[in-house]
Amino acid sequence: MNLVIFGPPGAGKGTQSKFIASKFNLHQLSTGDLLRKEIKNKSILGSTISEIINKGELVSDKIVSDLIEKFISSKNYKNRLIFDGYPRNINQAINLDNLLKKYDQKIDVVLELSVGLKTIKKRISERQTQENRSDDSQEIATRRFETYEKSTEPVIDYYKKSKLLKVINGEGSIDEINVEISDIIEGI
Ligand code: B4P
């Protein structure tokens with residue numbers, strides 16, 4: 001199965017994706033991690049990406065699409081991908097459908113982690129003390145949340161129409177959310 005995990009910054013997409021990948025033998029495809037890897041490589045592309053991420057904005061659709069196509073086209077990952085952080089706008093959602101169709105695949109379920117701004121700010125400030133991510137300051141985190149509301153939230157309606165969406169209360173504990181997600185996946 002291929003699944004999409006969706007939610008505001010700091011909602012726990014990465015946290016839950018790691019759990020799902022290990023429990024169901026899937027591959028976590030985190031566009032955030034791929035972009036941070038490019039930054040670490042100190043390439044020209046990496047410095048462009050770093051500037052955008054540190055403004056709390058979205059990296060260009062083309063850059064991210066090229067990164068994910070490498071995985072979608074690979075036989076090793078066929079029908080075992082968790083899209084963690086992709087799509088983040090309607091254009092990316094349409095692109096994902098087209099790419100999957102091109103390689104004879106589809107999305108089986110979309111998990112939306114629903115979390116409010118207050119919880120997000122708390123989690124991101126805790127993560128900053130552990131990981132020291134450059135985009136985890138309160139100011140950039142608030143901008144990332146605004147980007148989410150403007151560009152990413154409309155994608156929820158896109159998936160509601162295709163009846164793939166399952167909404168999960170992302171305010172619960174990590175373990176509670178693990179259980180809820182497992183039940184959904186096992187039910188498919
Ligand atoms: P991401 O890497 O996707 O970052 P995120 O949204 O902050 O992470 P996530 O929701 O995975 O949070 P986590 O599990 O770590 O994106 C970073 C940037 O990359 C974006 O702002 C954008 O610029 C760019 N980007 C990424 N994808 C893109 C795309 N498709 N197009 C364009 N640009 C793109 O959880 C956060 C913290 O909370 C952790 O410390 C965790 O331990 C804690 N936590 C998680 N769940 C918890 C729970 N239930 N209870 C308590 N704590 C919890």
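Residues numbered from 1 in each chain as written. Predicted model: local features only at pLDDT ≥ 70, side-chain atom pairs only at ≥ 80, totals over all residues. Heavy atoms only, no water.

A. Inspection of the nonpolar core at higher detail. Counting residues in each nonpolar core, the largest one holds 30 residues, and the members touching the most others are Leu96 and Tyr159. The set of elements that each furnish at least two residues to this core consists of β1 (3-6), α2 (31-40), α3 (44-53), α4 (61-72), β3 (81-84), α5 (90-102) and α8 (154-161). When residues of this core are assigned to their parent elements, the largest contribution, 6 residues, is made by α4. The residues contacting Leu96, other than those within four sequence positions of it, are Val4, Ile68, Ile72, Phe83, Tyr86, Pro87, Ile107 and Tyr159. (Core = buried A, V, L, I, M, F, W, Y, C linked by side-chain atoms within 4.5 Å. Buried < 20%, exposed > 50% of the residue type's maximum accessible area, 1.4 Å probe, protein only. Helix = DSSP H or I, 4+ residues; strand = E, 2+ residues; numbered from the N terminus. Contact = heavy atoms within 4.5 Å.)

B. Structural context of the site of the ligand. Lining the immediate surroundings of the ligand are 30 residues, of which Gly14, Thr15, Glu57, Arg127 and Arg144 lie closest. Between an oxygen atom of the ligand and a main-chain N or O atom of Gly12, the distance comes to 3.3 Å. In the environment of the ligand, an oxygen atom lies 2.6 Å from a nitrogen or oxygen atom belonging to the side chain of Arg127. The fraction of the free accessible surface of the ligand (1,000 Å²) that becomes covered by protein chains is 88%. Only α1 (13-24), α2, α6 (117-131) and α9 (174-186) provide two or more residues apiece to the shell around the ligand. (Near = heavy atom within 4 Å. Polar contact = N/O pair within 3.5 Å; in protein donor to acceptor, adjacent residues only side chain to side chain. Areas by Shrake-Rupley, 256 points an atom, 1.4 Å probe, with all protein chains shown as cover.)

C. Focus on the pairing of β3. On β3, burial covers both faces: Leu81 and Phe83 on one face and Ile82 and Asp84 on the other are all buried. Here 3 bridges tie β1 to β3, and the two strands are oriented parallel to one another. Pairing of Ile5 across the sheet is with Asp84, part of β3. (Pairing = 2+ DSSP bridges.)

D. Region of interest: the sheet that holds β1. On the basis of which strands lie adjacent, the open sheet formed by 5 strands has the order β2-β3-β1-β4-β5 and parallel pairing. Pairing within the sheet leaves two strands with one partner each, and these edge strands are β2 (27-30) and β5 (165-169). Averaged over neighbouring strand pairs, the angle between their axes works out to 20 degrees when direction is ignored. Note: β2 against β3, 4 bridges, orientation parallel. Residue pairing for β3: Leu29 is matched across the bridge by Phe83. Across the sheet, α2 lies against β2 and β3, angled at about 60 degrees from β2, the strand it touches most. (Axes fitted to C-alpha atoms, helices over the stretch in contact; angles between N-to-C directions.)

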